[in-house]
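Inside the fold
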There are 2 protein chains.
Amino acid sequence: MYLRNISVDCVIFGFHENELKVLLLQVKYAGKWALPGGFILKDEHMDDSANRILKDRTGLDNVYLRQFHVFSRPDRSTEAINRQYLKNMGHELKSSWLFERFVSVGYTALVDFTQVKATPDTLSSACEWFHIQNLPDLILDHAEILQTALKELQMNLNYHPIGYNLLPDKFTMPELQKLYETILNRKLDRRNFQRKILATGILKKLDDIKKGVAHKAPSYYKFDLKQYKNALKTGMGFEL
Amino acid sequence: MYLRNISVDCVIFGFHENELKVLLLQVKYAGKWALPGGFILKDEHMDDSANRILKDRTGLDNVYLRQFHVFSRPDRSTEAINRQYLKNMGHELKSSWLFERFVSVGYTALVDFTQVKATPDTLSSACEWFHIQNLPDLILDHAEILQTALKELQMNLNYHPIGYNLLPDKFTMPELQKLYETILNRKLDRRNFQRKILATGILKKLDDIKKGVAHKAPSYYKFDLKQYKNALKTGMGFEL
């Protein structure tokens, strides 16, 4: 039914109002947490596997998942976890393809965590969003997979636009800067940020300004979607 | 001995004096050409597999290989090629792990093709560098793997420095520009290129100028290795 020795793990980051979280499943009987992962059907494109696995395991649908790295340490084996799980279910197997080593392909996405509903599957006792600064114990090398995805997300800010679907349709420069600062987990210089992001050409300044702000009411911006999509495709220089 | 359903393919680009080539093996008995590829040993890290495979199949050693993408079309099968090969060797097998579907992890590198010696292994009738604009017929989806690697190499020019180990220790601005133009396969504006590449801070201007040039003798540059390595690690904005 499934390909041997290869698996998929998904690192789903969630952003909303200056919080960066990650979606984890609690492994039934084990207590530890895990990235949503699974296997590739014999006749399935791996990109479809990633979407199917994410949906089956967490309920999340229509998420744009992107490959980011393959993890292949020779000691990557879920044998102990799977043996325990099977034992708890009343099965004691001598050998199984589940006890072999798996090379795992990491997929990642960034969503607004208030816009999706996460539900655990039957293999898991919970499905929850964790603050990136406050993670629980993870199985196997899942902490390494998660941190690699986070570094890749941070590095990506240098090359590709971000924020569409994460910010309201119109937003202020401080709101956009906060998104970057939350992902990078550090403060950025206000004037440099504004100068550099405007130079990329992905923003349109709107005529209206934010109401209910006493002094120096900030202007609203929206994304220039044509430029934004183009920059997603070809990359853009934006050194932070 | 090997993991099932997963393989590694290497796209080795070679540059020298304004030529961009790629290293291919001719499949024995088949006539078509292929990227150097192979399988992962049961207890081997995949990065080590890639280096071992490249060395065993082409003789190339000490090449820095980098994962770039995983190819997973459900119809990726080397069954026909492997059956034919085994038949020519006097083996007719009903089934074999070699006839199953393989998900393949692409690795890539860029070397100076005059600095390495390529030698075919016993599975291949030839090992040759082909001009990127003049490729032979390739097996399977190897043309897609190659073009994906080329796009990734071109995109990478926006984010990371290039040229160390491909250019002489000291080089002129036109020589560096030619390297970029050769990879991108298009002309770049001389003044824009110079302004942007100098702004990255990865170059040091030397005091001496190129001799034997009648008018406007060009200055020599070398890479500032500290800045260069830093930009490799953290990325740099350099929109071409």
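Residues numbered from 1 in each chain as written. Chains lettered and ligands numbered in written order. Predicted model: local features only at pLDDT ≥ 70, side-chain atom pairs only at ≥ 80, totals over all residues. Heavy atoms only, no water.

Considering the relation of the copies chain B and chain A
Between the two copies, chain B and chain A, the superposition gives an RMSD of 0.0 Å; the rotation angle is 180 degrees and the shift along the axis is 0.0 Å. Put plainly, the chains are arranged around a two-fold axis. Counting the interface residues of chain B, we find that 100% of their copies in chain A are interface residues as well, pointing to one common contact surface. (Least-squares fit on C-alpha atoms with pLDDT ≥ 70 in both. Contact = heavy atoms within 4.5 Å.)

Notes on the sheet that holds strand β10 (residues 219–223) of chain A
A sheet is described by the order of its strands in space; here three strands give the open sequence β8-β10-β9 (chain A), paired in antiparallel fashion. On the outer flanks of this sheet lie β8 (171–172) and β9 (203–209) of chain A, each paired with one strand and no other. (Pairing = 2+ DSSP bridges. Helix = DSSP H or I, 4+ residues; strand = E, 2+ residues; numbered from the N terminus.)

Focus on the pattern of salt bridges
Here the structure, examined in full by the defined rule, presents 24 salt bridges over all chains. Across the pair Arg73 of chain A and Asp75 of chain A runs a salt bridge, and its minimum N-O distance is 3.6 Å. One salt bridge connects Arg76 of chain B with Asp141 of chain B, and the closest N-O pair in it is separated by 2.6 Å. Of this pair, Arg76 of chain B sits in the loop between β5 (66–71) and α2 (79–88) while Asp141 of chain B sits in the loop between β7 (124–131) and α3 (142–156), and the two are 65 residues apart along the sequence. Asp141 of chain B gets classed as buried once you look at its relative accessible area, which sits at 6%. Salt bridges sharing partners connect three or more residues here, namely Asp9, Arg76 and Asp141 of chain A. (Salt bridge = Lys/Arg side-chain N within 4 Å of Asp/Glu carboxyl O. Buried < 20%, exposed > 50% of the residue type's maximum accessible area, 1.4 Å probe, protein only.)

Regarding the environment of Lys226 of chain A
Residues and elements named next belong to chain A. If you trace the backbone, Lys226 turns up in helix α6 (residues 225–234). Overall, Lys226 belongs to the exposed group, its relative accessible area being 74%. Considered as a pair, Lys226 and Pro168 are 58 residues apart in the sequence and their alpha carbons are 18 Å apart.

Some details on the interface of chain B and chain A
On the chain A side, the residues contacting the 32 residues of chain B number 32 residues. Both sides together, the interface formed by chain B and chain A hides about 2400 Å², and carbon and sulfur atoms give 57% of it. At the surface where chain B touches chain A, the tally comes to zero salt bridges. If you look at where chain B meets chain A, you find 15 residue pairs in polar contact (both at pLDDT 80 or more). Counting residues per element, the ones that place at least two in the side of chain B that touches chain A are β1 (2–16), β4 (37–41), α1 (46–58), β5, β6 (103–112) and α6 (225–234) of chain B. Of the residues forming the side of chain B that touches chain A, the biggest block, four residues, is contributed by β1 of chain B. Split by residue class, the side of chain B that touches chain A holds 13 nonpolar, 10 polar and nine charged. (Buried area = accessible area lost by both parts, 1.4 Å probe. Polar contact = N/O pair within 3.5 Å; in protein donor to acceptor, adjacent residues only side chain to side chain. Nonpolar A, V, L, I, M, F, W, Y, C, P; charged D, E, K, R; others polar.)

Quick notes on the sheet that holds strand β10 (residues 219–223) of chain B
Residues and elements named next belong to chain B. Across the sheet, three strands lie side by side as β8-β10-β9; this open sheet has antiparallel pairing. The open sheet has two edge strands with one neighbour each: β8 (171–172) and β9 (203–209). Here β8 runs beside β10; their pairing, made up of two bridges, is antiparallel. Bridging from a neighbouring strand, Phe171 pairs with Tyr221 of β10.

So, the packing of helix α4 (residues 173–184) of chain B against helix α5 (residues 190–199) of chain B
Residue and element names in this part refer to chain B. Across the interface, α4 lies against α5 with an axial gap of 11 Å and an inter-helix angle of 95 degrees. Between α4 and α5, the crossing angle belongs to the class labelled roughly perpendicular. Residue-level contacts link Met173, Leu176, Gln177 and Tyr180 of α4 to Arg190, Phe193, Gln194, Ile197 and Leu198 of α5. Of the residues that constitute the contact of α4 with α5, the class distribution is six nonpolar, two polar and one charged. (Axes fitted to C-alpha atoms, helices over the stretch in contact; angles between N-to-C directions. Parallel < 35°, antiparallel > 145°, perpendicular 65-115°, else oblique.)

Details of unusual backbone geometry
It is generally the case that most residues other than glycine have a negative phi and that most peptide bonds are trans. Phi is positive for Asn165 of chain A, which is not a glycine, with a value near 80 degrees. Along the chain, the position of Asn165 of chain A falls in the loop between α3 (142–156) and β8. Given a relative accessible area of 58%, Asn165 of chain A falls into the exposed group. One non-glycine residue, Asn18 of chain B, adopts positive backbone phi at about 70 degrees. Positionally, Asn18 of chain B belongs in the loop between β1 and β2 (19–27). By relative accessible area, Asn18 of chain B is classed as partly exposed at 39%.

Digging into the side chain of Ser104 of chain A
Residues and elements named next belong to chain A. Here Ser104 shows up in strand β6 (residues 103–112). Of the polar contacts made by the side chain of Ser104, one reaches the side chain of Asp9; its length is 2.6 Å. With sequence-adjacent residues up to four places away left out, Ser104 is seen in contact with Ser7, Val8, Asp9, His69, Val70, Phe71 and Arg76.

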